[in-house]
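This is what each chain is made of:
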Amino acid sequence: MDITAELRKIVGGRLSVSPSELYCYSSDASQVKGMPDYVVRPKSTNEVSRIVRLAYENDIPVTARGAGTGLAGGAVPVAGGIVLDMSGMNRILEVDIDNIQVVVEPGIIQDSLNDALKPYGFFFPPNPGSSAMCTIGGMIAYNASGMRCVKYGTTRNYVRDLEVVLADGTVINTGSKMLKSAAGYDLTQLIIGSEGTLGIVTKASLKIAPLPKTRKLVIASFENAEIAGQAVVKTFSNGVIPSACEILDRVSLQVLKRYDPNLVLPSEGDVILFEVDGMESSAREAAEQIMKVCAPLALSIRLAESEKEMADIWAARKLVGAAVSRLDPTKTRIYVGEDVGVPIKQIPELLKRVQEISERFNLPAMKYGHIGDGNLHLALFIDVLNKDEWDRLNKAADLVHRTAIDLGGTVSSEHGVGAARAEYMNIQWGPALEVMRAIKKALDPKGILNPGKLGL
Amino acid sequence: MNGVVKIMKNEGKKVIEQARDQDKTKITGKESGKHSFEVDPRSVYKCVQCGTCRSVCPVFDVVGWESANTRGRMLIIKSLLEGRAPSEDVLQSLASCTTCGICASRCPAGANPPEVVEAARTQLIKCGITTEAQEKLKSAVLTYGNSFGETKDRKHWLSETELSKILEKSDYVYFVGCFDSYRYPEFAKKTFGVLQRFGVTLLPDEQCCASPLLRTGFKEDAEKVMQRNLEQIRKMGAHTIITSCAGCYTTLKNNYPEKFRVISLPEFLAEHLEELNLKKLDLTVTYHDPCHLGRHNEVYDAPRKVIEAISTLKEMKNIKENARCCGGGGGVRIGYPDISLELAKNRLQDVPEDVDYIVTSCPLCVRNLRDAGGHIEVIDIVELVAMAME
């Protein structure tokens, strides 16, 4: 069968087999590579269903892709086949304030959704650092979260219903607009985080939340990351749940200052950014409580002076991961071992061990992340033209992953497993991985949906 | 599970080879693929593929394919560095960049994609891979000294009497540019009219500044053209060049091998506001920041100072470093007119309500925004100044 001709019948000119185009779809922001044979940009559920049906009948792999901002190769077609670029399906279909939800197509960009919700006084809370460019579909596929999930939860907590194209092209809905349902398996939760291995999301009903009246930011610095970790544990155990709780080690601070020299950040130590939100009085009270609890451990502690200062700090924080070249133009940040998580109590131990790994392999490291939910983003950076540094990098990343599992944590807190972390699934899950494989087999017997991912 | 599916690599390879064969027929040059591809690898590997640029690339906004955004272009250039043979579809990707620089202004890693793209275009040319539009542009500049292939005298907009009054020597030269010389002679006339009051003169035989050649990758040819202007500037002994075109401005300032003071018309006007004695007009206008004046050279305040001296300024939705490109630059207007026009239409969506004019300070932006057909007239800043001098 002439697959190119068949695909063209479905999507017309929104098909490409041009070598350069295929190359552009052969990677995301990770180190995983895989060349597709076809790229299509569907515009409707019907088109997706017909494409998947065609792939099913001809045993062709299908990999869905949003904005390609993933850090685990989840959208990389490691077995070739068809890449479904879903970013053109980007409409907001319904803003249903009465039911506190919104219905969207998967290609919409997270920030665009929130821009549209702002006039209504609502927002979609999960906010990854890539919110300016990542799609909601990608967020659902990887159960993305971000800085504010410590209070608001992850994407998983906001999805009410999904329209999903199954492996044979059948279209199903997994939920409804109801807040709760006790009828049957929760297929919505099964699809979230399944990385496109069980079906292709073509529509989503999302719960939204009212925008908080005010936000306050406490900036505290500590002698070292371990003490900073202790301050976080102490804050939580004192009953304060911040809306964001981020660590920036001293290397991250240097990078941030290079990125935006106008930022006023502590000149020494490792920093925790505690954000609290809500009504003016409750936010102020929570901020004061954090300052009181952390002061005995801190080198310095202060409240951000204005909303602009807060916005500037958060904007820079969101992009710090990629900004390491500002410190040393010969180094590039490589996203490996970058998303481990451990129970909050184990954070000081994780920080200590990660520092030891960085020193052992003589690799400069930047440590930042959502310390409030136990998620550490480790940024290892190397000279990409130096093979020895690549070798050391991969060994260090491997050890970081194993350390997280050893501490009762996970190899990925929010970026997903994709192909980059597939080898650790068995170690992390043991016999539970067989259950996942059985589910995969039941829903995708031919294994056409995003093969090579999740260690399945 | 993987064993069940067909691994498509071989078919993919075949498809790629077929496409490559077809592409070869479209290559205009001589010995494609025989030249090694030399771009500073560090400038390319700075890109961490995070996709920040993807969210702001104006061409991608219109085209929708990954190869039409900055990250895609950086990936393609990486692939060429790693040994992939350049082909026509590579050119499509690289030639469709307007070099507007919004990607560079947002890149967290500090990459400068427009510079990388221009370097890669130069390499493609060395490999003999160019578009017909690029070749036409080069030939026009080299043969006629202007980007339009116009044969009439560059100073045709001046009368015999006016020509006779031009100073032979001055410290200040007005560099008119191809656009004002041939497409908007009324701008040139008004600009020179203002500048002559300050003893500014013209080059005896001004040539294209070489911007179109540099932006499209004809670096060696550009150097020849730059020399023709440089010789005249040297001979005249001028220390300051004033330009009314954003493309000329950035080229003279950043690409010419010899350094002299280059200032844009808005900067010159802002410096001499008091002497100009401008009337305040009952007008509300908005201002479009040309990419090569704004983002590339951070000239943001001077045009606003001039506008506010004359009228009320109501800003566009995206301004200064966030201003969206008009779509005219980087050879896109000539190479991909449809894409270029769509970009201009998108830019017009940023125009606020109830303004009398859209003011800008680049004739290429004027042209492209006018072509997009909005209902508000697009004018050059010199026209606003001329109204305030009447």
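Novice: Got a minute to help me understand the overall build of chain A in this structure?
Specialist: Each helix and strand in chain A was counted, giving 15 helices and 18 strands. Rg of the C-alpha trace for chain A: 22 Å, near the compact-globule value of 23 Å for 456 residues, within the 12% margin. Projected onto its principal axes, the C-alpha positions of chain A cover 70 × 60 × 45 Å. For chain A, the proportion of its 456 residues judged to be buried stands at 57%.

Novice: Would you explain the overall build of chain B in this entry?
Specialist: For chain B, the count of helices and strands is 21 helices and seven strands. Projecting the C-alpha coordinates of chain B onto the three principal axes gives extents of approximately 80 × 45 × 35 Å. Sequence separation of 24 or more characterises 75% of the internal contacts of chain B that already satisfy a separation of 6 or more.

Novice: How should the sheet that holds strand S7 (residues 377-380) of chain B be read in this particular structure?
Specialist: Sheets are built from strands that pair by backbone hydrogen bonding, the pairs being arranged parallel or antiparallel. A sheet is described by the order of its strands in space; here four strands give the open sequence S5-S4-S6-S7 (chain B), paired in parallel fashion. In this open sheet, the two edge strands, each paired with only one partner strand, are strand S5 (312-313) and S7 of chain B.

Novice: What exactly am I supposed to notice about unusual backbone geometry here?
Specialist: Most of the time, phi is negative for any residue but glycine, and the peptide bond is trans. All names here are of chain B. One non-glycine residue, glutamate 298, lies in positive phi territory at about 55°. Relative to the helices and strands, glutamate 298 resides in the loop between strand S4 (284-288) and helix H17 (301-310). The phi angle at aspartate 354 is positive, at roughly 60°, despite the residue not being glycine. Along the chain, aspartate 354 falls in the loop between helix H19 (337-348) and strand S6 (357-360). In this structure aspartate 354 comes out as exposed when scored by C-beta crowding, with 8 C-beta atoms within 10 Å.

Novice: Please clarify how the interface of chain A and chain B should be interpreted in this entry.
Specialist: Think of interface size as the accessible area that goes away when the parts come together; that is how it is often given. Tallying the contact residues gives 50 residues for chain A and 40 residues for chain B. Among the secondary structure elements, those contributing two or more residues to the side of chain A that touches chain B are helix H2 (19-24) and strand S16 (332-334) of chain A. With six residues, the top contributor of residues to the side of chain A that touches chain B is H2(A). Residue composition of the side of chain A that touches chain B, by class: 26 nonpolar, 15 polar and nine charged.

Novice: Help me understand helix H7 (residues 113-126) of chain B, please; the structure alone is not making it clear to me.
Specialist: Quick reminder: α-helices carry 3.6 residues per turn. Residues three or four places apart thus point the same way. Residues and elements named next belong to chain B. For H7, which comprises 14 residues, the first-to-last C-alpha distance of 20 Å matches the rise-based estimate of 20 Å (1.5 Å per residue) to within 8%. By the criterion of burial, H7 is predominantly enclosed, with ten of the 14 residues buried. For H7, the complete set of buried residues consists of Pro113, Pro114, Val116, Val117, Glu118, Ala120, Arg121, Gln123, Leu124 and Ile125. At the C-terminal side of H7, glycine 128 shows a positive phi close to 85°.

Novice: Hey, could you run me through the domain arrangement of chain B in this one?
Specialist: Residue and element names in this part refer to chain B. Partitioning chain B into domains gives domain 1 (8-129), domain 2 (145-270) and domain 3 (278-389). One C-alpha centre belongs to domain 2, the other to domain 3; they are set 21 Å apart. At the interface, 25 residues of domain 2 touch 25 residues of domain 3. Class assignment of the residues belonging to the side of domain 2 that touches domain 3 gives a composition of twelve nonpolar, seven polar and six charged.

Novice: Sorry if this is basic, but what is going on with the domain arrangement of chain A here?
Specialist: Residues and elements named next belong to chain A. Segmentation of chain A into domains returns domain 1 (3-87), domain 2 (88-210) and domain 3 (214-406). For domain 1 and domain 2, the distance between their C-alpha centres works out to 21 Å. Across the boundary between the two partners, domain 1 contributes 21 residues, which contact 24 residues of domain 2. Contributing elements (two or more residues each) for the side of domain 1 that touches domain 2: helix H3 (45-57), strand S3 (62-65) and strand S4 (82-85). Looking at the side of domain 1 that touches domain 2, its residues break down into eight nonpolar, eight polar and five charged.

Novice: Sorry, what's going on with the environment of A:Ser358 here?
Specialist: All names here are of chain A. Relative to the assigned elements, serine 358 resides in helix H12 (residues 347-360). A count of 19 C-beta atoms within 10 Å places serine 358 in the partly exposed class. In sequence terms serine 358 and valine 400 are 42 residues apart; their C-alpha atoms lie 9.4 Å from each other. Setting aside anything within four residues of it in sequence, one finds serine 358 in contact with Leu363, Ala365 and Ala396.

Novice: For this particular structure, what's the right way to read helix H13 (residues 387-406) of chain A?
Specialist: All names here are of chain A. In a regular helix each residue adds 1.5 Å, so 20 residues correspond to 28 Å; H13 covers 29 Å between its end C-alpha atoms and thus fits that length. Taken as a whole, H13 has its buried residues at Leu393, Ala396, Ala397, Val400, His401 and Ala404. Take H13 and look down its axis: the buried residues cluster within an arc of 140°, on one side only. Away from the buried face of H13 by more than 90 degrees, exposed residues Lys387, Asp388 and Asp391 are located. Directly beyond the C-terminal end of H13, a positive phi value near 80° is found at glycine 408.

Novice: Sorry if this is basic, but what is going on with the sheet that holds strand S10 (residues 200-207) of chain A here?
Specialist: Residue and element names in this part refer to chain A. Ordered by their spatial adjacency, five strands build an open sheet running S5-S6-S10-S8-S9, and the pairing between neighbours is antiparallel. Each edge of the sheet is formed by a strand with only one pairing partner; in this case those strands are strand S5 (92-96) and strand S9 (171-173). Averaged over all adjacent pairs, the angle separating strand axes in this sheet is 10°, with direction ignored. Here strand S8 (residues 159-165) pairs with S9 via three bridges, running antiparallel.

Novice: Would you mind going over the pairing of S6(B) with me for this structure?
Specialist: For a regular strand, side-chain orientation follows a simple rule: the groups alternate between the two sheet faces. Residue and element names in this part refer to chain B. Where S4 lies against S6, four bridges are found, and the strand directions are parallel. Within S6, the residue paired with tyrosine 287 across the bridge is valine 359. Handedness of the crossover joining S6 and S7 through helix H20 (residues 363-371): right-handed.

Novice: Sorry, what's going on with the packing of helix H8 (residues 225-237) of chain A against H12(A) here?
Specialist: To characterise two packed helices, one gives the angle between the axes of the helices and the distance between these axes. Residues and elements named next belong to chain A. With their axes 8 Å apart at the nearest point, H8 and H12 run at an angle of 165° to one another. Comparing their axes, H12 and H8 come out roughly antiparallel. Both H8 and H12 take part in a crossing whose hand is right-handed. From H8, Ala225, Glu226, Gly229, Gln230, Val232 and Val233 reach across to H12, where they touch Ile347, Pro348, Leu351 and Lys352. Of the residues that constitute the contact of H8 with H12, the class distribution is six nonpolar, two polar and two charged.

Scoring rules and cut-offs
Residues numbered from 1 in each chain as written. Chains lettered and ligands numbered in written order. Predicted model: local features only at pLDDT ≥ 70, side-chain atom pairs only at ≥ 80, totals over all residues. Helix = DSSP H or I, 4+ residues; strand = E, 2+ residues; numbered from the N terminus. Rg over C-alpha atoms; globule rule 2.2 N^0.38 Å. Buried ≥ 20, exposed ≤ 12 C-beta atoms within 10 Å, placed from the backbone. Contact = placed C-beta atoms within 7 Å. Pairing = 2+ DSSP bridges. Nonpolar A, V, L, I, M, F, W, Y, C, P; charged D, E, K, R; others polar. Expected span 1.5 Å × (residues − 1). Domains from an automatic or database assignment. Arc of directions from axis to C-beta. Axes fitted to C-alpha atoms, helices over the stretch in contact; angles between N-to-C directions. Right-handed = clockwise from strand over helix to strand, strands pointing away. Parallel < 35°, antiparallel > 145°, perpendicular 65-115°, else oblique. Left-handed = near helix turned anticlockwise from the far one by under 90°.

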